[in-house]
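Chain by chain, the residues run as shown.
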Amino acid sequence: FRRSNAVVRPQNNKISDVVNTDQEEENNHQWDRPIEFVLSLISNSVGLGNVWRFPYLAAQSGGGAFLIPYFTLYFLIGAPLYYLELALGQFTSRGPASAFVLAKGWQGVGFAMIINSILGTLYYNVIIAWALFYFVLSFRKRLLWADCGYWWNTLGCFVPGSPKQTSGVNITALNCTTALSSNFTDSGCQENNSTSEKQVTATEEFFYRLLLNKSSSFDDFGVPGTYIRLLLNKSSSFDDFGVPGTYMSVLLLASWLLICVCIIRGVQSSGKVAYFTAIFPYIVLLVLIIFTATLDGAREGILFYVVPRWKLIGSFKIWQAAASQVFFSLSISFGSLIAYSAASDFHNKFFQQMCIVVSCDCFTGVFAGFAVFATIGFLAKSLNESVETYATASGPGLAFITYPAALAKMPASPFFSIIFFLMLLALGLGSQFASTDVPVTALMEFFPSYAKRRSLLVVITCSVFYLASLPFACPGGIYLFELFQEYTANISLVFIGFFEVISIAYIYGFNRFMNDVEMMLGKRAAQYYLFVTWCITAPILTLVITVSNLLNTAPLKLDAAGGFPAYEFPQWSTTLGWVIFVICIIPIPLVFLINYIREYKRIAKEETGYDFSKKPLFLAALESNNLPAEFWGPRKRIHQIDTYAHLATRTTKKNVLSPQQLPEYTPRVEETTYIDAGILNPTFNPDSTMNNDDNELSNQQF
């Protein structure tokens, strides 16, 4: 009876007492409206990666030369993998931890996504803390980064667009050869009144010296009318890591509290916040672009941004940077897309939504770039430098230097500063909601008994993440930040993306997966485009980019910026970076190997008379390792039909019912003929033979 082609429909009868509804299904979180899902996707993808990271990478990669590989990889890798993750999450209604059981040995891809998401979340929240710092200090009549003369400023501080002058304080610089004593002469100190120090903008010194607490190891002494700067020729480095600073520690705590409050109820709460986080940034960016276009030197900056330098197009470094930005911006390989789409309706038209979100994401990065490069042109002209020199020397804090510099020149600058950094907070939090939700969803899947206590899991997760992110609050935290950015949001994303597309397009099968898509959408949407990209371009390009990145790896370097000299990371930091990378991707081979050994032992135990001449045992175990798990398919019972009708007989507590435990019942069958003693009986009514007391067929009735 179960082998027939009948469509099994779940019934509200006593059989549900034996085959219980999954606890996962009962505790499932659903989007209230499809528009909230779309806005949350936009808020997730259109984040700080567009406003902060995209301009920074474009500046580092030759401006217009970066746009060509960026758009190319967006079309050949970004959009197809975005489609893939949305489809996988919506079909299974599961997070990345269990969605990849479509091939038992490849579940490690989902685990790698979770680890990558956790590590990325730790360092990403640092940027939100930076934005929060600027936001709080914007509530002043005069912005602190608009002028020199504060205790963190140096001799070289100046305000762009104003007459070039150093800070207005009386500074005597001392060169010392020995340790300090109360008598400066005894310490070998000599006055140095030289003003030849390289000039640095007020916004740069505010960012590097006040916020990051980065220093050249000098101390200030309160001699009346004089600030004494000791030039000891010792630069801040990764080795001088220090302890967490007060500013950053408090800011990180406030950031994690915001995230905890906004996601504590799941998509019901974060979906409402998305109305603001998805729409508000575009209004602010438009105002900022219009104003920065009027600055002196904006034209040169924009030309550097839009005009490609063709000699750089063939550089692997630019293609690697473009690939990492596509993955980072769209949140591919983080697992957040799978977690979000898992809360969608099974028949949600995600293809159209994917087109909208991907277009918005691509447009926003390019759109924000105009404001950044217009300001870069203005700052470069103020410093009498070329746009290329200033842009390539900029570090990850580029957006926190150029944007504040532009805001300081605007009329009613405190008001626009409040609005702008509120926008940055909205962008950062929108992405962070999804990333933080990934480990929470994973915990709910691993521990179903805690599914109804989501609030507790969210509080615990955010608390642990705050403690783990405290090293970024140290003076040397910026170096750790660079290390995480390189090894968790760059190489590992592309590496995971390669195995993600291989496991679905080749291991599970392209045609099979498109059949699953057809179950949801009623059609195989964009199958020709997806066949070319999933089966050809995406695997080849991700593999080439990953291998070239691994072969060309070198110690990280920071160019001279903010008055600080160029810095090359110590050799041990490269080893630490590769350890971080291995942690991100180790679940893929580890889970495959563990499950392969398990399958090998299982086959050897069950098949006592196994014929090795037909297929060696190790090949049989490999083949079994690539098959879907027994519970693969839609999680919700109402969608377990056709190919997945057998899942209706499963329970949550046990993977599968044994033959002795299977209830003797007849599911409702529509438009099916039955054979009774060799005679076709199309009028047979299964309901008429059902026992009303126990809903079971008696032996005589059967």
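A quick note: this is a predicted structure, and the numbers were derived from the prediction, not measured. (Residues numbered from 1 in each chain as written. Predicted model: local features only at pLDDT ≥ 70, side-chain atom pairs only at ≥ 80, totals over all residues. Heavy atoms only, no water.)

### Overview of the overall build of the chain
- What the chain contains, in helices and strands, is 23 helices and 10 strands.
- For the chain, the proportion of its 702 residues judged to be buried stands at 57%.
- For the chain, the share of sequence-separated contacts (at least 6 apart) that also reach a separation of at least 24 residues comes to 81%.
- Split by element, the accessible area of the chain, about 30,200 Å² in all, is 61% carbon and sulfur. (Helix = DSSP H or I, 4+ residues; strand = E, 2+ residues; numbered from the N terminus. Buried < 20%, exposed > 50% of the residue type's maximum accessible area, 1.4 Å probe, protein only. Contact = heavy atoms within 4.5 Å. Areas by Shrake-Rupley, 256 points an atom, 1.4 Å probe, with all protein chains shown as cover.)

### Some thoughts on the side chain of N125
- By secondary structure assignment, the location of N125 is in helix 6 (residues 108–137).
- N125 gets classed as buried once you look at its relative accessible area, which sits at 0%.
- Leaving out residues up to four positions away in the same chain, N125 has contacts with L252, S255, W256, I259 and Q432.

### Structural notes on the state of the cysteines
- Applying the stated criterion to the full structure yields one disulfide.
- Disulfide pairing places C148 opposite C157 at an S-S distance of 1.9 Å. Residues C148 and C157 share a disulfide whose torsion about the S-S bond is about -85°; that sign makes it left-handed. (Disulfide = S-S within 2.5 Å.)

### Here's the deal with the UniProt feature "binding site: Na(+)" (unreviewed entry) in the chain
- The UniProt record annotates "binding site: Na(+)" (unreviewed entry) at V46, N50, S329, L427 and S431. Separation in sequence by 386 residues is not matched in space for these annotated residues, since their most distant C-alpha atoms are only 11.6 Å apart.
- Note on placement: V46 falls in the loop between helix 2 (34–45) and helix 3 (48–60).
- Ignoring any residue separated from it by four or fewer positions in sequence, one finds V46 in contact with L41, Y282, C360, D361, T364 and L427.
- With respect to the helices, strands and loops of the structure, S431 is situated in helix 16 (residues 413–446).
- The buried category is assigned to S431, whose relative accessible area is 7%.
- If we skip the residues at most four places from it in the chain, S431 touches S43, N44, G47 and Y124. (UniProt positions renumbered as here; feature names shortened; annotations may be inferred.)

### Let's talk about the packing of aromatic side chains
- If you walk through the whole model with that rule in mind, you get 63 aromatic pairs.
- Arranged with centres 5.0 Å apart and planes meeting at 80°, the rings of F420 and F421 form a pair that is edge-to-face.
- Using a relative accessible area of 1% as the deciding quantity, one classes F420 as buried.
- For F421, a relative accessible area of 0% gives the class buried. (Phe/Tyr/Trp six-rings, centres within 6.5 Å; stacked < 30°, edge-to-face > 60°.)

### Focus on the packing of helix 8 (residues 246–263) against helix 16
- With their axes 10 Å apart at the nearest point, helix 8 and helix 16 run at an angle of 70° to one another. Between helix 8 and helix 16, the interaxial angle falls into the category roughly perpendicular. The element helix 8 and its partner helix 16 pack so that their crossing is right-handed. Residues W256, L258, I259, C262 and I263 of helix 8 touch helix 16, and the partners they reach there are L429, Q432, F433 and T436.
- In terms of residue class, the contact of helix 8 with helix 16 is made up of seven nonpolar, two polar and no charged. (Axes fitted to C-alpha atoms, helices over the stretch in contact; angles between N-to-C directions. Parallel < 35°, antiparallel > 145°, perpendicular 65-115°, else oblique. Left-handed = near helix turned anticlockwise from the far one by under 90°. Nonpolar A, V, L, I, M, F, W, Y, C, P; charged D, E, K, R; others polar.)

### Focus: unusual backbone geometry
- One non-glycine residue, S331, adopts positive backbone phi at about 65°.
- Among the structural elements, S331 can be located in the loop between helix 11 (316–330) and helix 12 (336–341).
- We classify S331 as buried; its relative accessible area is 6%.
- Of note, S333 is a non-glycine position whose phi angle comes to about 75°, a positive value.
- If you trace the backbone, S333 turns up in the loop between helix 11 and helix 12.

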